[in-house]
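Listed below, chain by chain, are the residues.
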Amino acid sequence: MTSAASPHLTGGLNTLVIRGRVDADRAELTPCGELVHGCADVLARTLAELPAGITRVELDMADVHFMDTAGLQFLDVLGDFRRRRSLTVTVTNWNGQPRRILELAGLDTADPLAGPDTTGTATTGTATTGTATTGPALTTSAVAQERAERLHVLQEEVEQLRQAIASRPVIDQARGILMATHGCTSDQAWHILRETSQLSNTKLRDVAAAVTASAEGDGPAPPAELRTALQRAIARRNRG
């Protein structure tokens, strides 16, 4: 049993595949790829194909390496399915950037379907902040300093994630356009965009937006400097 994202939902990129198997009354699902636009529809199709006798659904998220706000819709679909079918649903093994998104959203990474994480705990080294449990060598001021440092790091990560989430859709669209136009792979399209950004001294998001806009029927052509850089990057790819 396998479900994949449709091209019209993902700009031509197969961003999510859900593999699964059914063992008696238990279904084991393994999503692979990215939780971006269209992922909730892929999940809904997968769940609709499960046998009626299923009483437990287990999702292993270890192979999901990127997630934007569409991932929260993914969880909403799971939650609705669990309520409608009155069965047990677990979503485990979150890691990397998707795990950070759940943390920033205030969800329990061990059970995100349960709602906000109200424990307020965060462990670093020998100290556990939020629970008043510290190692013997830490004083109150040291704990306060650690919390302040963690808050600063978290604020930086929030800003970086916001920028990444805002930029990801247009970059993926530009990659899809380059792949369709020049017959290149996803990785090659990424390198073309990045090299164009470097050659023209233009932000990657702005390069992707110009490529996407120019692909529309009446869309404007990229600025001359950007167009020249893009042509050079494509030529280098063709020579390579």
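All values derive from a computational prediction rather than experimental measurement.

Novice: I would appreciate a short explanation of helix α4 (residues 96-104) in the present structure.
Specialist: Two residues of an α-helix separated by three or four positions point the same way, owing to the 3.6 residues in each turn. Restricting attention to buried positions, one finds in α4 the residues Gln97, Pro98, Ile101 and Leu102. The buried residues of α4 occupy one face: seen down the axis, they fall within an arc of 145 degrees. Where α4 ends, the next residue or the one after it, Gly106, has phi of about 80 degrees, a positive value.

Novice: For this particular structure, what's the right way to read the confidence of the model for the protein chain?
Specialist: Segments scoring low in pLDDT should not have their predicted coordinates read at a detailed level. When pLDDT is averaged along the protein chain, the result is 80; 74% of the residues meet or exceed 70. Here helix α1 (residues 7-10) stands out as the element of the protein chain with the lowest mean pLDDT, 36, in contrast to strand β4 (residues 56-60), whose mean of 96 is the highest. Within the model, the stretch residues 4-13 combines pLDDT values under 50 with 22 contacts to residues more than four positions away or in other chains. Low pLDDT, under 50, characterises residues 120-140; the predicted model gives this stretch 29 contacts beyond four residues in sequence or across chains.

Novice: What exactly am I supposed to notice about the pairing of strand β2 (residues 16-23) here?
Specialist: Judged from the eight bridges that link them, β2 and strand β3 (residues 26-35) form a sheet pairing that is antiparallel. Within β3, the residue paired with Leu16 across the bridge is Gly33. Once β2 ends, the chain turns through two residues before running back antiparallel as β3, passing Ala24 with a positive phi of about 60 degrees.

Novice: What is the right way to read the nonpolar core from this model?
Specialist: Burial of nonpolar side chains together is a common tendency in soluble globular proteins. In terms of nonpolar packing, the biggest core is built from 29 residues, with Leu35, Val57, Leu59, Phe74, Leu78 and Val89 touching the most fellow members. Listed by contribution, the elements that provide at least two residues to this core are β2, β3, α2 (39-48), β4, β5 (64-67), α3 (70-85), β6 (88-92) and α4. Tallying contributions element by element places α3 first for this core, with five residues. Ignoring anything within four residues of it in the chain, the contact list for Leu78 reads Leu43, Leu47, Leu59, Val89, Val91 and Leu113. The next biggest cluster of nonpolar side chains, apart from the first, holds 16 residues, and it includes Ala210, Val211, Leu230 and Ala233.

Rules of the game
- Residues numbered from 1 in each chain as written.
- Predicted model: local features only at pLDDT ≥ 70, side-chain atom pairs only at ≥ 80, totals over all residues.
- Heavy atoms only, no water.
- Buried < 20%, exposed > 50% of the residue type's maximum accessible area, 1.4 Å probe, protein only.
- Helix = DSSP H or I, 4+ residues; strand = E, 2+ residues; numbered from the N terminus.
- Arc of directions from axis to C-beta.
- pLDDT = per-residue confidence, 0-100.
- Contact = heavy atoms within 4.5 Å.
- Pairing = 2+ DSSP bridges.
- Core = buried A, V, L, I, M, F, W, Y, C linked by side-chain atoms within 4.5 Å.

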